[in-house]
Amino acid sequence: MDFEQETAVWVIGHKNPDTDSICAAIAYADLQNKVSKDKYEAKRAGNLNEETKYVLSKFNVRVPDFVDDVRTQVKDIAFRRTVAVDSRISLKKAWELMSTSKVVTLPVTNKENELTGLIVNDDIAKSYMDVLEPGILSKARTPYQNMIETLNGTVLVGNAYGRFTKGKVIVAANSLPMSEESMEKDDLVILGDRESMHKCALKHNASCMIICGGTQVAKDILAEAEDKECVIISTPYDPFTVCRLITQSMPIKQFMKKKNLAKFELDDYVDDVREVMSKLRYRDFPILDHEGSYIGMMSRRNLLNMQKKRIVLVDHNEMQQAVNGVENADIMGIIDHHKIGSLETPRPIMFRNQPVGCTSTIIYQMYREYGVEIPKQIAGVLLSAIISDTLLFRSPTSTPVDQDAAEQLAQIAGVDMEQHANEMFRAGSNFASKTPEELCYQDFKTFAEAGVQFGAGQISAMSREELDEVKERIRPYLQTIMNERGLQMVFMMLTDILNETSEVICMGEQADEALEQAFHRQKHNDGYRLRGVVSRKKQLIPELVQAIQNLEG
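Every chain begins its residue count from 1, and numbering advances along the sequence as written. Per-residue local features are limited, in this predicted model, to residues with pLDDT of at least 70; the limit for side-chain atom pairs, both in listing and counting, is 80 or more; totals at the level of whole chains, interfaces and linings are taken over all residues. The basis for the side-chain values is all heavy atoms of the structure; hydrogens and waters are excluded.

## Topic: the overall build of the chain
The following threshold applies: Counting from the N terminus, the helices are DSSP H or I runs at least four residues long and the strands are E runs at least two residues long. Atoms counted for the radius of gyration: C-alpha only. Globule rule: 2.2 Å times the number of residues to the power 0.38. Each residue is assigned to one of three classes by its accessible area relative to the maximum for its type, calculated with a 1.4 Å probe on protein chains only: buried under 20%, partly exposed between the two thresholds, exposed over 50%. Throughout, a contact is declared for two residues whenever any of their heavy atoms are within 4.5 Å. Under the convention used here, a 1.4 Å probe and the Shrake-Rupley method define accessible areas, while residue burial counts only the protein chains that appear.
Tallying secondary structure elements over the chain gives 20 helices and 23 strands in all. In terms of C-alpha radius of gyration, the chain reaches 37 Å, well past the compact-globule figure of 24 Å for 553 residues. With the principal axes as the frame, the chain shows a C-alpha extent of 115 × 50 × 45 Å. In the chain, buried positions account for 55% of the 553 residues. Considering only intrachain contacts with a sequence separation of at least 6, the fraction spanning at least 24 residues in the chain is 62%. Surface accessibility of the chain: about 25,400 Å² in total, with carbon and sulfur atoms responsible for 47%.

## Observations concerning the packing of helix α13 (residues 376-390) against helix α15 (residues 417-428)
For clarity, the cut-off: Here, axes are lines fitted to C-alpha atoms. For helices the fit covers the stretch in contact, and angles between N-to-C directions go from 0 to 180 degrees. Our angle categories are set so that under 35 degrees counts as roughly parallel, over 145 as roughly antiparallel, 65 to 115 as roughly perpendicular, and the remainder as oblique. In this scheme, a crossing is called left-handed if the near helix is turned counterclockwise away from the far one by less than a right angle; it is called right-handed if the turn is clockwise. Charged means Asp, Glu, Lys or Arg here, nonpolar means Ala, Val, Leu, Ile, Met, Phe, Trp, Tyr, Cys or Pro, and polar covers whatever is left, Gly included.
Across the interface, α13 lies against α15 with an axial gap of 10 Å and an inter-helix angle of 70°. What the angle tells us is that α13 and α15 run roughly perpendicular. Like other packed secondary-structure pairs, α13 and α15 cross with a definite hand, here right-handed. Between α13, through Leu383, Ser384, Ile387 and Ser388, and α15, the contact on the second element is made entirely by Met417, His420, Ala421, Met424 and Phe425. Looking at the contact of α13 with α15, its residues break down into 6 nonpolar, 3 polar and no charged.

## Some remarks on unusual backbone geometry
Look at Asn113: it is not a glycine, yet its phi comes out positive at around 65°. Its place among the elements puts Asn113 in the loop between β4 (105-109) and β5 (115-120). A positive phi angle is found at Asn205, which is not glycine, with a value near 60°. Among the secondary structure elements, Asn205 is positioned in the loop between α8 (195-203) and β11 (208-211).

## Brief notes about the state of the cysteines
Which entries qualify depends on this criterion: What counts as a disulfide here is a pair of cysteine sulfur atoms lying within 2.5 Å.
For the coordinates displayed, the defined rule picks out 0 disulfides. Considering cysteine sulfurs only, Cys230 is the nearest to Cys200, which forms no disulfide, with 12 Å between them. Given the relative accessible area of 3%, Cys200 is considered buried.

## Details of the packing of helix α1 (residues 19-35) against helix α12 (residues 359-370)
Contact geometry for α1 and α12: axes closest at 9 Å, N-to-C directions at 15°. One element, α1, and the other, α12, form an angle in the roughly parallel class. Pair α1 / α12 crosses with left-handed handedness. In contact with Asp20, Cys23, Ala24, Ala27, Tyr28, Asp30, Leu31, Gln32 and Val35 of α1, α12 contributes Thr359, Ser360, Ile363, Met366, Tyr367 and Tyr370. Classifying every residue of the contact of α1 with α12 by side-chain character gives 10 nonpolar, 3 polar and 2 charged.

## Looking at the packing of aromatic side chains
We describe a pair of aromatic rings using the distance from one ring centre to the other and the angle between the two ring planes. Where we set the bar: Any Phe, Tyr or Trp ring, taking Trp's six-membered ring, that has another such ring centre within 6.5 Å forms a pair; planes under 30 degrees apart are called stacked, those over 60 apart edge-to-face, and the others tilted.
In this structure the tally under the stated criterion is 7 aromatic pairs. When the ring of Phe264 is compared with that of Phe285, the centres are 5.5 Å apart and the planes differ by 45°; the resulting orientation is tilted. Taken as a pair, Phe264 in strand β13 (residues 264-265) and Phe285 in strand β14 (residues 284-288) lie far apart in primary sequence, 21 residues in all. Like Phe264, the residue Phe285 is buried in the burial classification.

## Thoughts on the sheet that holds strand β22 (residues 501-507)
Note the following rule: Between any two strands, pairing holds if DSSP finds at least two bridges.
With mixed pairing, 5 strands are arranged side by side in an open sheet as β19-β20-β21-β22-β23. At either margin of the open sheet sits one strand with a lone partner, and together these are β19 (444-449) and β23 (528-531). Across the sheet, the mean angle separating the axes of adjacent strands is 25° when strand polarity is ignored. Relative to the sheet, helix α19 (residues 511-519) contacts β21 (489-496), β22 and β23, its axis offset from that of β22 by approximately 150°.

## Concerning the sheet that holds β11
Read across the open sheet, the 5 strands follow the order β7-β12-β11-β10-β9; overall the sheet is mixed. The strands lining the two open edges of the sheet, one partner per strand, are β7 (154-157) and β9 (169-172). Along the sheet, successive strands turn relative to each other by an average axial angle of 25°, direction set aside. In this structure, β9 lies alongside strand β10 (residues 188-191), joined through 4 bridges in parallel fashion. What sits directly across from Ile170, in β10, is Val189.

## Examining α12
Stated formally: A helix is expected to span 1.5 Å for every residue after the first.
With 12 residues, α12 extends 17 Å between its outermost C-alpha atoms, agreeing within 8% with the 16 Å of an ideal straight helix rising 1.5 Å per residue. Across the 12 residues of α12, 9 count as buried, placing the element largely inside the fold. Taken together, the buried positions of α12 are Thr359, Ser360, Thr361, Ile362, Ile363, Tyr364, Gln365, Met366 and Tyr367. In the core, the buried residues of α12 are packed alongside α1, β16 (310-314), β17 (330-336), β18 (350-353), α13 and α14 (400-413). Residue Gly371 follows α12 closely and has a positive phi angle near 70°.

## Remarks on the environment of Val169
By the element assignment, Val169 lies in strand β9. Sequence separation between Val169 and Ile136 is 33 residues; the distance between their C-alpha atoms is 8.5 Å. Sequence-distant contacts of Val169, defined by excluding residues within four places in its chain, comprise Pro134, Leu137, Phe164, Leu188 and Ile190.

## Points about the nonpolar core
So the rule is basically this: Nonpolar core, defined: a set of buried Ala, Val, Leu, Ile, Met, Phe, Trp, Tyr and Cys residues in which side-chain atoms within 4.5 Å join the residues together.
Residues Val11, Tyr28, Ile363, Tyr367, Ile387, Leu409 and Phe425 are the most contacted members of the largest nonpolar core, which totals 53 residues. Residue contacts for Val11: discarding those within four places in its chain leaves Ala25, Tyr28, Ala29, Tyr40, Glu41, Ala42, Lys43, Val312 and Val314. Val108, Ala160, Leu245 and Ile246 belong to the second largest nonpolar core, which has 33 residues in total.

The following block contains the structure:
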């Protein structure tokens, strides 16, 4: 039986997500769950900023789960649900289970379903060939129940649930003198129909007597055995067959692999799994769930049936901005409002890109196109995203389409747009508790142009004073960003929403030259004051790209 694969399509925005990236993912997943046969789930590729936290809390919308990497994982593979066994079962039972299940490996677990070992068919074969020690059954602490099952036997006397823990196995079917010489206390004795042999075994205090051929045992023998706590098992098999089968009653615990088990977990990436498999000659590997419990088995063949993560990207189409591992995922669609970027797909996909101020405006249009009613909560998050991306229509990226969508959504959500915008922006400019790292990465994107890797972040606030304080805190961290991300330049845009002005600070060789050439401004107080520039997408990045091209040229 195969383990059910995870089938949901993930809708996910860019790293260091802003409000639009999160809200567009939530809304698009909601829409598709109403019009599509597939299940859709909103995810996030980074931590939420304070503004987005405020929005989701206000409209009582669950925060999407975090996803760091969308490479294929073990949980994306249809692996076998091989039933685990107890370490006490017999070798014979294990072999029969392998035959009926058509597997060569059985997982062994304890009562808590924790993996304790593996038994493979080679282990069983070796047990048949290598068992020469007469005391091996007692060393293995073989349960009498295993012997009964293996020999198709019946307990005549004694505790069937005990174990054979002392002595050796001997055959005493014919010669009494020879048997007398070899019998010792606690031995397991295989016997025929001769009563004298039965008495001899009891005389030497055998711990177990196996009576072959279905022989009737005298009442006095049974009584004496009970007094001496000797187990008597009757089997229809002849002594030769019993000798051949008795070792198969040993518990698999004696032969299973217990140490250094190669195992995988559901969240392990297939790339890592394949590397481990290439170094080991095992046929099958156990799979554990998130709690460490055994759930199934996987072989190299199962890797052929893996299903890539299916994802829809929103609010970006640049490889540098996408979640880790996107090149190994199955991209089902892209919805964006930025310039066409560097992502490539092996086949045609749904790609919707419109020159509007916000991805959530496009999602609003799609609800209308499908004729699907927009829930109040979804209207609230879509409205919030539009307000955030357009700075309440102050940004040059804003269009009449955005404003019309926002007005309609405000009515559905039942909020005053101006008041909600002020509350959002103030929540987003609550910088006191944030570290420089959190401030810089709350809305940060990376770009590549003319062989130059650069990053640009934006921090918005309702007053210049708040931004001045933030500026002094984040300036020393810019070098750290360059080192962490492998960038040649970093630009941080500090935007005063009410006065529609931004100050840009930067780090990196030729970063100042790029800004001076892009905006024809000189540095003042360690920054570049750009009046009327509030949009990173439309006003900052295009000018920087052109300047960097000129510098490199």
